[in-house]
Amino acid sequence: MLTRGLSGLLYIALLIGCFQNKYALIILFFVFGYISLIEFKKLIGLKSIIPNILFVILYGVFVYGKMVFNTILGLNEAIQILMVITIFVMLFLIKDLFSKKEIPLFASKRFILTTFYLTSAFIFIALIANYQNTFNSNILLGAFILIWVNDSFAYLVGKNFGKQKLFERISPKKTVEGFLGGLFFACIASYFIAKFVQTLDFTNWLFISIIVSVFGTFGDLIESKFKRQAGVKDSGTIMPGHGGLLDRLDSIIFAAPFIYLFLSLLNYVS
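Below, the structure is looked at part by part. A quick note: this is a predicted structure, and the numbers were derived from the prediction, not measured.

### Here we look at the side chain of Ser 137
Link 1 in the chain: Relative to the helices and strands, Ser 137 resides in the loop between α5 (107–128) and α6 (138–161).
Link 2 in the chain: In this structure Ser 137 comes out as buried when scored by relative accessible area, which is 8%.
Link 3 in the chain: Not counting the four nearest positions on each side in its chain, Ser 137 is found in contact with Phe 19, Leu 25 and Ala 129.

As structure tokens, then:
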């Protein structure tokens, strides 16, 4: 427990520290994304170096290009196209989750997943901190807090009151009561985030809390299914007591494109 606690505190301190500076945040999620990519490639049995090269190129163009220069012709349109493709891939993964069969991992799908499930997710995680073309990490920090609140209370409520299994064949410990408890307390937390962060109003934070709880849970379950197929408990060992970075970031990885979509729509109508 001590090792797990210290490892978790270091992880949180690193996140919050790097959220204060645009370049530190860009570098942090580049490193996190690259490590997560290596872990994910092991899970799906992909040895090609092409996904690593694509990650460096796409992250550099979309994140560094958008957050530092924002003058590249057609970049905004390219980000929108990437977002649409990413969300479609995420929706197909949800479909695979409900299937009793294993997630198909033929050659082309492995490359699709590394590009439009993992690489693009880290692009949108970073771009959330560039809402309205201005660096402001408060929304991203708020999203992480909502994930922590959702996960913590889903565990506590599920452990003490959980009876009905959510996805027993994939994650036996998750319950419907736990999911609803996490969602409920994330919605409550959104009120306090709105009061203290003052970037978005309470209604918008409430929508983000629902997105985080629902799609973050899907992300956790989907990564669990990948691990079951690979026959491993954790995606890696980089965080003592926690497993791999992919284990810690699976919720935000899946939720980030949907949060970015919501912010894009919000920015369009405002």
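### Quick look at the packing of aromatic side chains
Each aromatic ring pair is described using two quantities: the centre-to-centre distance and the angle formed by the ring planes.
Link 1 in the chain: Counted under the stated rule, the structure contains 26 aromatic pairs.
Link 2 in the chain: A centroid spacing of 6.1 Å and a plane angle of 35° characterise the contact between Phe 19 and Phe 29, whose relative ring orientation is tilted. With Phe 19 in the loop between α1 (2–18) and α2 (22–44) and Phe 29 in helix α2, this residue pair connects regions lying 10 residues apart in the sequence.
Link 3 in the chain: On the basis of relative accessibility, which here comes to 0%, the residue Phe 29 falls in the buried class.
Link 4 in the chain: Both rings, one in Tyr 34 and one in Phe 55, keep their centres 6.1 Å apart while their planes meet at 70°; by these two values the pair is edge-to-face. Residue Tyr 34 is located in helix α2, and its partner Phe 55 is located in helix α3 (residues 50–69); the two are separated by 21 residues in the primary sequence.
Link 5 in the chain: Three or more aromatic residues link up through ring pairs in this structure, and these residues are Tyr 11, Phe 19, Phe 29, Phe 32, Phe 144 and Trp 148.

About the thresholds
Residues numbered from 1 in each chain as written. Predicted model: local features only at pLDDT ≥ 70, side-chain atom pairs only at ≥ 80, totals over all residues. Heavy atoms only, no water. Helix = DSSP H or I, 4+ residues; strand = E, 2+ residues; numbered from the N terminus. Buried < 20%, exposed > 50% of the residue type's maximum accessible area, 1.4 Å probe, protein only. Contact = heavy atoms within 4.5 Å. Phe/Tyr/Trp six-rings, centres within 6.5 Å; stacked < 30°, edge-to-face > 60°.

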